[in-house]
Amino acid sequence: MRLKPSKGFMRKILIVNGLLVMGGAEKLIYELAAFAQKNNIKPTVLILENYQKEYYDDIFKQKRIKVVRTRLTAIKNFRSPIRMCRSLYWLFKLKFLANSIYDSVHVIGLYNIYRAKDTIIHKHRFFWHITNTIQGTYNFPESYFDNPEDTIVYINPYQEAEFSDYEKSTPIKCKKVLFKLFLND
Amino acid sequence: MINLNVVSRIAEDKNFFPSLIEVLHTLKNEGITDVSILFIGAIYSQRVYQNMLKLADKLGVSSNISFTKTSIPFQELNAEVKNGYFINFTIGQFTGFSGLEGIRNGLKTILYNVDDALENEPSTSVTHCRNTAELVALIKAIRVDQSKLDEEIKYCNQELINQLTLDSSSAKKLLGLLLPGKSVN
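Only a predicted model underlies this, so the values are computations on that prediction, with no experimental measurement involved.

Conventions we followed
Residues numbered from 1 in each chain as written. Chains lettered and ligands numbered in written order. Predicted model: local features only at pLDDT ≥ 70, side-chain atom pairs only at ≥ 80, totals over all residues. Heavy atoms only, no water. 1 Å grid on protein atoms, 1.4 Å probe; cavity = no way out; pocket = protein on both sides within 12 Å on 5 of 7 lines; lining within 4 Å. Points joined across faces, edges and corners; volume = space filled by probe spheres on them. Helix = DSSP H or I, 4+ residues; strand = E, 2+ residues; numbered from the N terminus. Nonpolar A, V, L, I, M, F, W, Y, C, P; charged D, E, K, R; others polar. Buried < 20%, exposed > 50% of the residue type's maximum accessible area, 1.4 Å probe, protein only. Pairing = 2+ DSSP bridges. Contact = heavy atoms within 4.5 Å. Buried area = accessible area lost by both parts, 1.4 Å probe. Salt bridge = Lys/Arg side-chain N within 4 Å of Asp/Glu carboxyl O. Core = buried A, V, L, I, M, F, W, Y, C linked by side-chain atoms within 4.5 Å. Polar contact = N/O pair within 3.5 Å; in protein donor to acceptor, adjacent residues only side chain to side chain. Expected span 1.5 Å × (residues − 1). Arc of directions from axis to C-beta.

**Quick word on empty space enclosed by the protein**
Residues and elements named next belong to chain B.
Logical step 1: Within this structure, the stated rule accounts for one cavity of 30 Å³ or more.
Logical step 2: In this model, the largest cavity occupies a volume close to 50 Å³.
Logical step 3: Considering the residues around the largest cavity, the lining is formed by Val7, Phe74, Phe86, Ile87, Asn88, Ser98, Gly99, Gly102 and Thr109.
Logical step 4: Elements with a minimum of two residues in the lining of the largest cavity: β4 (85–91) and α4 (97–104).
Logical step 5: Class assignment of the residues belonging to the lining of the largest cavity gives a composition of four nonpolar, five polar and no charged.

Printed below as a string of structure tokens:
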């Protein structure tokens, strides 16, 4: 499945996480970004509140996948004015222009929603759910799921059942979709 | 000697390790002491790590476990480790990326369900152990006829990988998540 390249215009997506270490969440970012590239979509990986170089940085560099490390909260940092200016630039861009720049925004892990919920304003936000209750009881605030335009992406059917239970106590207004983990060729 | 490997961060949300140490203890009680487990992954929780050491000591299997204490990409594991069996924690039938990557790298991977609530789900694969009893039984079977079991494990692993490759319909669905509202052919 390939999308036809459009002349002079490249689709873009934004993928948000807090780390690029060797782990399953980061592998999902890699596979999503690689799939996007194969389909002439330009992925940008946004790593928030973490400036440390990690395992996937070099891998993404080799694949020419753009990685942005910045901060969208507590951005006052007069000891590092360049970082502070960059934070302000991204804060403005993601709050006011994200809809016109990116076709979709993908937040990896429901535990990362707090990083993006109020700072990345977009009508197509996808929250990839990558854990199960056995790894820790769901205790996400209700506000995470109050926007009917957002979508939770389950990666296994057990999460659907777990969320059905969770919904008995927490109203979920988001859309929900199941999409299996995958490996590109 | 049967070398088992577990690729996982040593962390609270991955703390299914005690049951594996108990597996070593069960085997030891049956006179089987030639089984060892190498835990491959960075230590994120000293508490989890120390508890593993204490449990192994209490059960008399300390000499059967070891730790890399750092994360290592599959490609960089040495031949002896690669030749062992990789136990991957699953939720029921759901396998995460560490299992999939291992299989993609040609490693013999045993899937081990860690959610007790799902241990009665039907299992169709020799590599899928629904509980510790099945894991113990599989290890014993490997000791009896290693080459036969190796073939079966490799076959089942390949079946799993085939299911996780994107076919045209799932690729189309994924494109729909990346480019919502755009027509995808």
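**Concerning the layout of surface pockets**
Logical step 1: The computed volume of the second largest pocket comes to approximately 520 Å³.
Logical step 2: Every residue lining the second largest pocket is counted, 24 residues in all, and those nearest its centre are Gln93(B), Phe94(B), Thr95(B), Leu160(B) and Gln163(B).
Logical step 3: Broken down by secondary-structure element, the contributors of at least two residues to the lining of the second largest pocket are α5 (157–166) of chain A together with β5 (94–95) and α6 (146–164) of chain B.
Logical step 4: Per-class residue counts for the lining of the second largest pocket are 12 nonpolar, nine polar and three charged.

**With respect to the pairing of strand β4 (residues 104–108) of chain A**
Residue and element names in this part refer to chain A.
Logical step 1: Among the five residues that make up β4, five are buried, leaving the element largely enclosed by the rest of the structure.
Logical step 2: Of the two faces of β4, both are covered, the one formed by Ser104, His106 and Ile108 as well as the one formed by Val105 and Val107.
Logical step 3: Alignment of strand β1 (residues 11–17) against β4, held across four bridges, turns out to be parallel. Counterpart to Leu14 in the pairing with β4 is Val105.
Logical step 4: Bridging between β4 and strand β5 (residues 125–129) involves four bridges; their strand directions are parallel. Of the residues in β5, the one forming a bridge with Val107 is Phe127.

**A short note on the interface of chain A and chain B**
Logical step 1: With 39 residues of chain A in contact, the opposing surface of chain B contributes 41 residues.
Logical step 2: A combined buried area of about 3600 Å² lies between chain A and chain B, and 73% of that area is made up of carbon and sulfur atoms.
Logical step 3: Here Lys27(A) makes a salt bridge to Glu101(B), at a shortest N to O gap of 3.7 Å.
Logical step 4: The set of elements that each furnish at least two residues to the side of chain A that touches chain B consists of β1, α1 (24–38), β4, β5 and β7 (175–178) of chain A.
Logical step 5: Considering each element in turn, the side of chain A that touches chain B owes the most residues, seven residues, to α1(A).
Logical step 6: Class assignment for the residues of the side of chain A that touches chain B results in 23 nonpolar, nine polar and seven charged.

**A closer look at the nonpolar core**
Logical step 1: Within the largest apolar cluster, 84 residues are counted, with the highest numbers of intra-cluster contacts made by Trp128(A) and Phe39(B).
Logical step 2: Top element by residues in this core is α1(A). It accounts for eight residues.
Logical step 3: If we ignore the near neighbours within four places in the chain, the residues touching Phe39(B) are Val6(B), Ile10(B), Phe17(B), Leu20(B), Met52(B), Ile65(B), Ser66(B), Phe67(B) and Thr68(B).
Logical step 4: Ranked by size, the runner-up nonpolar core spans 27 residues in total, among them Leu48(A), Val105(A), Phe140(A) and Ile152(A).

**Focus: the side chain of Asn17(A)**
Residue and element names in this part refer to chain A.
Logical step 1: Assignment of secondary structure puts Asn17 in strand β1.
Logical step 2: Within the structure, the side chain of Asn17 is placed 2.9 Å from the backbone oxygen of Leu19, a separation counted as a polar contact.
Logical step 3: Contact partners of Asn17, with chain neighbours within four places excluded, come to Ala25, Glu26, Ile29, Leu46, Ile47, Leu48, Ile108 and Asn112.

**Re helix α5 (residues 132–144) of chain B**
All names here are of chain B.
Logical step 1: With 13 residues, α5 ought to run about 18 Å at 1.5 Å a step, and its terminal C-alpha atoms sit 18 Å apart, in line with that.
Logical step 2: Residues of α5 that are buried include every one of Leu135, Val136, Leu138, Ile139 and Ile142, and no others. Burial along α5 is one-sided: seen end-on, the buried residues are contained in an arc of 160 degrees. Exposed positions of α5 whose direction lies more than 90 degrees from the buried face are Ala133 and Val144.

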